[in-house]
Amino acid sequence: MAAMQRADESARAALAAVRAALGAAVVFEALTVVATHDKAVRAASPWQDDPYDAAVSLAQFTVPVLALVIALRLLVWRAPGGLDRAQQTARAAGLMTALAGLTAAFEWAALAGGRHRSAWDAWTAVLVGGLAVTSVLAVSASVLLVRGRRPRGSARGWRHDWLGDAVLLGGRVPVLGRWLGPEAAAWTRERAWPVFVALSLLASAALTAAQAVGERWTDPLLVVWMLGVGTASNLAFCVISNALAGFVARPPRSRMRRVTEFSVVTGCVTVQLVMAFRDPLWSALAGGPLTSVPALTALTFGAGAAASFLCAVLLLARRPAAPPSGGATAA
């Protein structure tokens, strides 16, 4: 009885922390959309270019995605599997808050560095005020999430994932129930990696098409580069967030399969880092400005391929760890 009471209290604390994180995310996304899509506001922004804008662009996409799936999961909060659901949702909220907090740190750095100081006006003051608000909200949500965190290793005992809740939600909507059944969930668990790749490519294609049309790109290589960078970013987000929050419980994989996946994700993260800091990196390597699309492509994807290869070599050189005693995993 006491154990059930403690579990219920833990779930309530997690729910409060998740709600605080959702509130912070809504404020963050609203201010970020205004700062990036209004031309007058963007022109006065200290963080309007890379590497600061790379962090803003990443969070602008990932934060609302996490907020949406978290909000949907709250609809089945009282369903069986409450302890797993509370831990997983809190982890997703923690990742969402961390992305918003990292973006705020980049924005504070741009402000401290006086970026585009000559263009600062009244809108800059508004942006700084909004940045202060989002920073306070992110810190507050982080404190609540940290207080309710579970001991390390608790994820190994998970028996539920977000796909199971998607099936529950689908059962409440007749049209969705035809697509979100137990068979579809099992199929996705068995093929999680191809599903992650396909979703990453589709999302990147949509964003690339919108940007290419909006900015009237005519260079096919630039379009391909943007498509590849976006796919790499989305894939890294899918795999890392799944490992942290358990969206899809994956069956055990061979050591070579796990090494390959980890190495690919390492390369994807490297592509993002090099893309964000491409100008200083190219200047250090070539001694001049980066003005060529082929050079940009070689720099970003060359670094990603090198990082992926090095990661695979290092992992394969290590002695294999003992196989886990559990069944499916989220990683």
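Residues numbered from 1 in each chain as written. Predicted model: local features only at pLDDT ≥ 70, side-chain atom pairs only at ≥ 80, totals over all residues. Heavy atoms only, no water.

**A look at helix α3 (residues 52–73)**
- In this model, α3 (22 residues) spans 32 Å end to end at C-alpha, consistent with the 32 Å of a helix rising 1.5 Å per residue.
- For α3, the principal kink sits at A59 and spans about 25°. (Helix = DSSP H or I, 4+ residues; strand = E, 2+ residues; numbered from the N terminus. Expected span 1.5 Å × (residues − 1). Bend = angle between axes of the 7 residues up to and from the residue.)

**Re the packing of aromatic side chains**
- Using the criterion set out here, one finds one aromatic pair in the structure.
- When the ring of W162 is compared with that of F247, the centres are 4.5 Å apart and the planes differ by 50°; the resulting orientation is tilted. Here W162 is found in helix α6 (residues 162–172), whereas its partner F247 is found in the loop between α10 (220–245) and α11 (255–276), with 85 residues between them in sequence.
- When the ring centre of W162 is taken as origin, the NZ or CZ atom of R73, which lies over that ring, is 4.2 Å away. (Phe/Tyr/Trp six-rings, centres within 6.5 Å; stacked < 30°, edge-to-face > 60°. Lys NZ or Arg CZ within 6 Å of the ring centre and 35° of its normal.)

**Focus: unusual backbone geometry**
- Along the chain, D50 connects to P51 via a cis peptide bond; the corresponding omega equals 5°.
- Note on placement: P51 falls in the loop between α2 (39–43) and α3.
- Look at H116: it is not a glycine, yet its phi comes out positive at around 55°.
- Locating H116 in the fold gives a position in the loop between α4 (82–112) and α5 (122–147).
- The phi angle at R216 is positive, at roughly 55°, despite the residue not being glycine.
- Along the chain, R216 falls in the loop between α9 (192–214) and α10.

**A word on the packing of α3 against α10**
- Remark: α3 packs on α10, axes separated minimally by 12 Å, with the N-to-C direction vectors making an angle of 40°. Like other packed secondary-structure pairs, α3 and α10 cross with a definite hand, here right-handed. Counting all contacts with α3, which are made through L58, F61, T62, V65 and L66, the residues of α10 involved are S233, N234 and F237.
- Partitioned by chemical class, the residues of the contact of α3 with α10 number five nonpolar, three polar and no charged. (Axes fitted to C-alpha atoms, helices over the stretch in contact; angles between N-to-C directions. Left-handed = near helix turned anticlockwise from the far one by under 90°. Contact = heavy atoms within 4.5 Å. Nonpolar A, V, L, I, M, F, W, Y, C, P; charged D, E, K, R; others polar.)

**Section: the pattern of salt bridges**
- Counted by the stated rule, this structure contains nine salt bridges.
- Among the salt bridges present, the one from D50 reaches R278, with a minimum N-O distance of 2.7 Å. With D50 in the loop between α2 and α3 and R278 in helix α12 (residues 278–286), this pair connects stretches of sequence that are 228 residues apart.
- Overall, R278 belongs to the buried group, its relative accessible area being 19%.
- Linking D165 and R73 is a salt bridge whose minimum nitrogen-to-oxygen distance equals 2.6 Å. (Salt bridge = Lys/Arg side-chain N within 4 Å of Asp/Glu carboxyl O. Buried < 20%, exposed > 50% of the residue type's maximum accessible area, 1.4 Å probe, protein only.)

This is a description of form; function is not addressed.
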